Amino acid sequence: MLTPWAPYLEFWAPILSLVLLSWLTYFDAMKGKWLIDDAQSIAIYRGDWKDPDPNQSPDKWKKSPLSFHVILRHIRWLYGIRPNPNKNWKRENQLQYISDPKLHHRFNILLCAGCGGLLYLFLNSLFGHQIALLATALFIVHPFGTYTVGWISGIGYLVGLFFTLIGLNTVLMTQAWTTPLGVVTSVIIFGLFQFLAVQA
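Residues numbered from 1 in each chain as written. Predicted model: local features only at pLDDT ≥ 70, side-chain atom pairs only at ≥ 80, totals over all residues. Heavy atoms only, no water.

Concerning the overall build of the protein
Here is step 1: Of the regular secondary structure elements, the protein holds 9 helices and 2 strands.
Here is step 2: The order of α-helices and β-strands along the protein, N terminus first, is α-α-α-α-β-β-α-α-α-α-α.
Here is step 3: Here the protein holds 200 residues, and 38% of them are scored as buried.
Here is step 4: For the protein, long-range pairs separated by at least 24 residues make up 62% of all intrachain contacts whose partners lie at least 6 apart in sequence. (Helix = DSSP H or I, 4+ residues; strand = E, 2+ residues; numbered from the N terminus. Buried < 20%, exposed > 50% of the residue type's maximum accessible area, 1.4 Å probe, protein only. Contact = heavy atoms within 4.5 Å.)

This is the structure:
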């Protein structure tokens, strides 16, 4: 006899297992430090919305200081800072809060776990539970994932995939909207998430 919470368990169990797999796969990445790309972007960013390195930053930073790319960088900075362990930070002209590579690595793993859950939902709607679970698990543990998850500056790929999958899942959720207005609304929603994905 099925219990009242059986449908919820059937829905959440594979997603939670994929989230756990993401953490097990990339947990060791949190021991990593900054790379040169990180030093030119987020590592020296001070949270002041200013270009940390004008010689290395893309043109879109200069053209649009409040673009999604810049907003994402600020969100990453807010998440990835911790109090400066140096008690004499003010006397030595240091920042009160400094960027911690471990926190930035953890942010990437969180995004990877979110992408895994969204990918499973999308594939499950098309091919069923078993194929979706196996394909998503393969996606998570694939060695190429180190390039985007283990590399702090690879976050743009994860964010782009995250919003793309939200858009695709939205299309599947709204496929019952067969009226012209419903179709247009679905296309607009998908286009919005695709725009955010490209801007990442």
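Overview of the packing of helix α5 (residues 101–127) against helix α8 (residues 155–173)
Here is step 1: Packing of α5 against α8 brings their axes to within 9 Å, and their N-to-C directions diverge by 30°. Considered as vectors, α5 and α8 are oriented roughly parallel to each other. The handedness of the crossing between α5 and α8 is left-handed. Taken together, the residues of α8 that come into contact with α5 (itself represented by F107, N108, L111, C112, G114, C115, L118, L119, L121, F122, S125 and L126) are I155, L158, V159, L161, F162, L165, I166, L168, N169 and L172.
Here is step 2: Of the residues that constitute the contact of α5 with α8, the class distribution is 18 nonpolar, 4 polar and no charged. (Axes fitted to C-alpha atoms, helices over the stretch in contact; angles between N-to-C directions. Parallel < 35°, antiparallel > 145°, perpendicular 65-115°, else oblique. Left-handed = near helix turned anticlockwise from the far one by under 90°. Nonpolar A, V, L, I, M, F, W, Y, C, P; charged D, E, K, R; others polar.)

A closer look at the pattern of salt bridges
Here is step 1: A full pass over the atoms with the stated rule returns 2 salt bridges.
Here is step 2: Note that R82 and D100 form a salt bridge whose closest N and O atoms lie 3.0 Å from each other. Here the residue R82 occupies a position in strand β1 (residues 81–83), and D100 occupies one in the loop between β2 (97–99) and α5, the gap between them amounting to 18 residues. (Salt bridge = Lys/Arg side-chain N within 4 Å of Asp/Glu carboxyl O.)

Some points on the packing of aromatic side chains
Here is step 1: Following the criterion strictly, the structure yields 5 aromatic pairs and no others.
Here is step 2: Seen in terms of ring centroids, Y147 and W151 are 5.1 Å apart; in terms of plane orientation they differ by 40°. Their pairing is tilted.
Here is step 3: The exposure class of Y147 is partly exposed, given its relative accessible area of 46%.
Here is step 4: Using a relative accessible area of 16% as the deciding quantity, one classes W151 as buried.
Here is step 5: With a centroid separation of 5.8 Å and 85° between ring planes, the pair formed by F162 and F163 is classed as edge-to-face.
Here is step 6: Here a set of aromatic residues connected by ring pairs shows up, and it is made of Y147, W151 and Y157. (Phe/Tyr/Trp six-rings, centres within 6.5 Å; stacked < 30°, edge-to-face > 60°.)

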